[in-house]
Each structure stands twice: as C-alpha cells, then as structure tokens.
Amino acid sequence: MKSRSGIVGGFFAAALLLAAGASAQDVKHYRFAYDQPRNTGYSIAGDLFADKLKALSKGTMLIDQYPGAQLGQEPQLLQLVKAGDIDFAIISSANTATISPQAGVMSLHFLFRNDAHVIKALADPKVFEAIRTMIDDTAQGLHVIGTGSQGVRHIYSKKEIHKVDDVKGMKIRVQATATEDEMFPAYGAQTVHMPFGSVYTSLQTGVVDAAENSINVYLVNKHYEVAPVLSLTEHEANNALVFISDRLWQSLSAEQRQWVLASAAEVSAKEPAKAFELERTAATKLKSLGVKVVEDVDKTGFTAVADPYLDKLAKQLGPHAEKIKNLIRAIN
C-alpha cells in the first residue's frame, strides 16, 4: 500500500498541475501592429503599452508586436483592426483620414507652434476626448484609446529647400489627405500618393522629386540614400492614434477595459516626448553619415500661405475637426 504522505503528495502535485493549466488558459496574447520598424516612435508606443498592460493585468494580457508593416501598410492595418483581425494598432492621424476624413485636421500645416505644443496637446484630456468622439461618430469597428507622435515632418529630396519658392514644380509624395492635397499645391508643388513602402524606389527612380516625414523615419528607412538632403521645414506634426478593435473591446471585462485604457494613457503621456528625443538623436546620426541638413529654412513664406487655410480647411472637414483645431490652438 502507498504511504499516506505519498498519497497526499500525489494530490498536491495534481492540484499544482491543474492550477498551472488554469493559469495558462487565463493568459492571452494580443496583436499590436504598425508599419514602421523598431527604434521608432511607434515601437516606443508599443513597448510602453505592452509593459503597462502586462503589469496591470498581472501577466494575463500580453502584447505581441508586429512592426515594419509585417501585417500591412497603415490603410490595410486600419481595415484589419475594423474587421477584428488585429487587436491593436498605432496609425498616423493622416492615414486615419482614409476611414474618417475629419482626422485630417491633425495634418493641418503649422497647426502646432513647436515641439512642446505637440507634446502638450497630445496629452490633453479635452483634445483626446474630442478625437475619440470623432472616430466613434464617423467610423465603425474600432476605437481610439491613445495618441502618439513621430515628431514633425520635413521635406527631403536631392536639392536644398530654403524658402517656399524652392518647392514650386516639385512632385512630392504626401499622405492621402484632403489637407495635404490642398496645402502642397498652394505652395506650388504637385502631390503624389503612394504607400509608404514604395517611397524609397520612387525617390530612387525619379517618380517623385521629394517626400516628407519625420527625421527618424527618414533615417531608419534609409531614405537618405536616395534623397540625401533633409530640409527642416517643420510644416506638419507627425501625429498618431492608438486603436483597439471593437470586437476585442466588446469581449473585455470592465476591469480589462480599464487596464487597456490606463496602458494607452501611458502612451499618450510619455511617448511624444520620447519621440522628439529620438528625432534629435536621428539628426545627429544623419549629419555623421554625410546627409545635408538644411536648418535655416525660412518658414515665414510657408506660414504666410498656410495660415489662411487653418480655419478654412478645419471648417470644410466638419464640426469634429473644427472643435479639435480650436482646442489645440487654445493650448498654451
């Protein structure tokens, strides 16, 4: 006969196995996608979100990140989130305009005064609430839970840009928003739309003369190899929005929803400042690689053209856009 201690030990071991099985079942993995590589503002957002959610959920909600457009470019990612095939994504506010045109308000040129204004606005509760309401009212299948940044956008090409007249006649790849399509022609340029993944070869082959993006995006995607002049026009904030699929949102408990919202709030509060730090580091790296960085761009010509469009375009986009613009401009 088995000893009493052996029987008790067997029961204890079985109980541990059952508990371990139940614990493993409680742990769930969620997909978080973005179209930029690691070492960008998007990966900073992914890490902040993943770490906070893991801590709050005590390891029961884990994020698997899919960087570098592994699951698609931003317009495709939006559709996958809407369908519930991806759980979370961080997407530029400009590309969000493909499903919610009023999101183009975040792409208004010279809407933000400086880096500090961008950081403060993206963390502002009233601005976030206005953005969240805009998406809920104008798009289905997904919700905004946080904001992010990849700095501000500049123009890069094979030639130096010192003033607004220098962009006249240039073919510039821009994001597909109504604001871009009105602003760049106002400067005298021609806009060209294409997926981000096609920009390198289009610059290389001359399909476009220039593109525009933030400094670190320009660096990590090696666009400097085919467009070795970066002109610091600072014409537009490179804003981003963190999304959750409605399918996942509806499946979460009240407590899990709070964990998700708190984790996204961590992104809104911390990622933009980190993204601007990354921009400064990237600029130093580019100079060491021999890239010509034009720092003395005369922005007065650009702003003289752009300023009358701020109110006009926001109003054309719609009431949500106008409210967001007013809230952002009111931040000191």
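Residues numbered from 1 in each chain as written. Predicted model: local features only at pLDDT ≥ 70, side-chain atom pairs only at ≥ 80, totals over all residues. Heavy atoms only, no water.

## Regarding the pairing of strand β7 (residues 210–213)
Step number 1: The two faces of β7 match: A210 and E212 on one face and A211 and N213 on the other face are all buried.
Step number 2: In this structure, strand β4 (residues 142–157) lies alongside β7, joined through 4 bridges in antiparallel fashion. Looking across to β7, one finds that S157 is bridged to A210.
Step number 3: Here 2 bridges tie strand β5 (residues 171–173) to β7, and the two strands are oriented parallel to one another. Across the sheet, R173 pairs through a bridge with A211, a residue of β7. (Buried < 20%, exposed > 50% of the residue type's maximum accessible area, 1.4 Å probe, protein only. Helix = DSSP H or I, 4+ residues; strand = E, 2+ residues; numbered from the N terminus. Pairing = 2+ DSSP bridges.)

## Here's the deal with the packing of helix α6 (residues 125–138) against helix α13 (residues 319–330)
Step number 1: Relative orientation of the contacting elements α6 and α13 amounts to 170 degrees, with a least axis distance of 9 Å. Regarding the angle of α6 to α13, the classification is roughly antiparallel. Here K126, V127, A130, I131, T133, M134, D137 and T138 of α6 lie close against α13, whose contacting residues are H320, I324, L327 and I328.
Step number 2: Its residues assigned to classes, the contact of α6 with α13 comprises 7 nonpolar, 3 polar and 2 charged. (Axes fitted to C-alpha atoms, helices over the stretch in contact; angles between N-to-C directions. Parallel < 35°, antiparallel > 145°, perpendicular 65-115°, else oblique. Contact = heavy atoms within 4.5 Å. Nonpolar A, V, L, I, M, F, W, Y, C, P; charged D, E, K, R; others polar.)

## Topic: the nonpolar core
Step number 1: Core analysis: the largest hydrophobic core is formed by 58 residues, its most contacted members being Y187 and F243.
Step number 2: By residue number, the principal contributor to this core is helix α12 (residues 300–317), which donates 7 residues.
Step number 3: When near neighbours in sequence (up to four residues on either side) are disregarded, F243 contacts L78, V81, D87, F88, A89, I91, T96, I135, L142, H143, V144 and I145.
Step number 4: With 25 residues, the next largest nonpolar core counts F88, I90, W249 and V260 among its residues. (Core = buried A, V, L, I, M, F, W, Y, C linked by side-chain atoms within 4.5 Å.)

## Section: the confidence of the model for the protein
Step number 1: Taken residue by residue, the protein gives an average pLDDT of 93. The fraction at 70 or more is 92%.
Step number 2: The low-confidence segment residues 4–8 (pLDDT under 50) makes 1 contact with residues lying over four places distant or belonging to another chain.
Step number 3: Contacts of residues 13–22 to residues separated by more than four positions or lying in other chains number 0 contacts, the stretch itself having pLDDT below 50. (pLDDT = per-residue confidence, 0-100.)

## Observations concerning the environment of K159
Step number 1: The residue K159 is located in the loop between β4 and β5 in this model.
Step number 2: A C-alpha to C-alpha distance of 8.8 Å links K159 and A210, two positions 51 residues apart in sequence.
Step number 3: When sequence neighbours within four positions are dropped, the list of residues in contact with K159 reads D166, M170, V229 and S231.
Step number 4: Polar side-chain contacts of K159 include one of 2.7 Å to the backbone oxygen of D166. (Polar contact = N/O pair within 3.5 Å; in protein donor to acceptor, adjacent residues only side chain to side chain.)

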